[in-house]
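Structure at a glance
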Amino acid sequence: MNKSTCIAFLSICLVTSVTSYGAGPEQIVSLTKPADIRDASSMDQAIVRLSNKVMECVQRKLAPDNECFCLYPQELSQVRETYESTIRHHPEWKNKMVSYTHEGRTFAVSIGGVSRQLDVKCSQSR
């Protein structure tokens, strides 16, 4: 994975503007209930923690770009646990993007993108 591919992946997983995706309305779940927004925000926070570490790894060339996320098993585990909990509580979010507004800003989390990244296996030596 080259740097632009890694950055593209991170864009999928990071909190971003809904309009940056051009996704159809059927692919976006708009959240309004406070409990749903809390769950989406928790997913986002776990992603951001891992993404920040991955970006540092890529920038410092600590590992090949496509292996950087494997260097942070604690953060990766937190994303996985948060994803599993989120899908357990909101199975309708699977393979969708969830969107919510917080403090006047619109955020989106690609739950499908998280799922695809979690399917990538890290080598046993990590």
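Presented here is a report on the structure given in the accompanying data block. (Residues numbered from 1 in each chain as written. Predicted model: local features only at pLDDT ≥ 70, side-chain atom pairs only at ≥ 80, totals over all residues. Heavy atoms only, no water.)

Re the overall build of the protein
Worth spelling out the cut-off: Strands are runs of DSSP state E lasting at least 2 residues, helices are runs of H or I lasting at least 4, and numbering of each runs from the N terminus. All accessible areas in this document rest on Shrake-Rupley with a 1.4 Å probe, and a residue is counted as covered only by the protein chains that are shown.
On a plain count of helices and strands, the protein comes out with 4 helices and 3 strands. Of the regular secondary structure in the protein, the N- to C-terminal order runs α-β-α-α-β-β-α. Total accessible area computed for the protein in this model is approximately 7,400 Å², and 50% of it derives from carbon and sulfur atoms.

Focus on the state of the cysteines
The condition that has to hold: Only a pair of cysteine sulfur atoms within 2.5 Å qualifies as a disulfide here. Residue exposure (1.4 Å probe, protein chains only): buried if accessible area is under 20% of the type maximum, exposed if over 50%, otherwise partly exposed.
If you walk through the whole model with that rule in mind, you get 2 disulfides. For Cys-57, the disulfide goes to Cys-68, at an S-S distance of 2.0 Å. Torsion about the S-S bond of the Cys-57 and Cys-68 cystine: about -70 degrees, corresponding to left-handed handedness. Of this pair, Cys-57 sits in helix 2 (residues 34-60) while Cys-68 is found in the loop between helix 2 and helix 3 (73-89), placing the two residues 11 residues apart along the sequence. The class of Cys-57 is buried, set by a relative accessible area of 0%. Two residues share a disulfide in this structure: Cys-70 and Cys-122, whose sulfurs sit 2.0 Å from each other. Looking along the S-S bond of the Cys-70-Cys-122 disulfide, the torsion reads about -90 degrees, which is the left-handed sense. Of this pair, Cys-70 sits in the loop between helix 2 and helix 3 while Cys-122 sits in the segment after helix 4 (111-118), and the two are 52 residues apart along the sequence. Judged by relative accessible area, which is 9%, Cys-70 ranks as buried. The connectivity of the disulfides in the protein is 1-2, 3-4, where the numbers refer to bonded cysteines in sequence order.

Here we look at the packing of helix 2 against helix 3
Selection rule: In this analysis, axes come from line fits to C-alpha atoms, helices being fitted only over the stretch in contact, and the angle between any two N-to-C directions falls in the range 0 to 180 degrees. Small angles under 35 degrees read as roughly parallel and large ones over 145 as roughly antiparallel, with 65 to 115 read as roughly perpendicular and the rest as oblique. With the far helix as reference, a near helix turned anticlockwise by less than a right angle produces a left-handed crossing, and one turned clockwise produces a right-handed crossing. Residues are treated as being in contact if the distance between any of their heavy atoms lies within 4.5 Å. Residue classes follow a fixed rule: Ala, Val, Leu, Ile, Met, Phe, Trp, Tyr, Cys and Pro count as nonpolar, while Asp, Glu, Lys and Arg count as charged, and any other residue, Gly among them, counts as polar.
Interhelical geometry of helix 2 versus helix 3 gives an angle of 160 degrees and a closest axis separation of 9 Å. Judged by the angle between their axes, helix 2 and helix 3 are roughly antiparallel. The interaxial crossing formed by helix 2 with helix 3 has left-handed handedness. Counted together, Asp-39, Ser-42, Met-43, Ala-46, Ile-47, Arg-49, Leu-50 and Lys-53 of helix 2 and Glu-75, Leu-76, Gln-78, Val-79, Thr-82, Tyr-83 and Thr-86 of helix 3 form the full contact between these two elements. Of the residues that constitute the contact of helix 2 with helix 3, the class distribution is 7 nonpolar, 4 polar and 4 charged.

Some remarks on the environment of Tyr-72
Looking at the element boundaries, Tyr-72 is found in the loop between helix 2 and helix 3. Taking the relative accessible area as the measure of exposure, Tyr-72 reaches 13% and is therefore buried. Each C-alpha atom, one on Tyr-72 and one on Val-54, is 8.1 Å from the other, the two residues being 18 residues apart in sequence. The contacts of Tyr-72, once residues within four sequence positions are left out, are Leu-50, Lys-53, Val-54, Cys-57 and Leu-62.

Let's talk about the packing of aromatic side chains
Our working definition: Here a pair means two rings of Phe, Tyr or Trp (six-membered ring of Trp) with centres within 6.5 Å. Their orientation is stacked below 30 degrees between planes, edge-to-face above 60, and tilted elsewhere.
Taken as a whole and assessed by the stated rule, the structure comprises 1 aromatic pair. When the centroid spacing of 5.5 Å and the interplanar angle of 25 degrees are considered together, the rings of Tyr-100 and Phe-107 count as stacked. You can call Phe-107 buried: its relative accessible area is 12%.

Structural notes on unusual backbone geometry
For Lys-61, which is not glycine, the phi torsion reads 55 degrees and is therefore positive. By the secondary structure assignment, Lys-61 is in the loop between helix 2 and helix 3. With a relative accessible area of 68%, Lys-61 lands in the exposed category. Here the phi dihedral of Glu-103 falls at roughly 50 degrees; this positive angle occurs in a residue that is not glycine. Tracing the backbone shows Glu-103 in the loop between strand 2 (97-102) and strand 3 (105-110). What makes Glu-103 exposed here is its relative accessible area of 72%.

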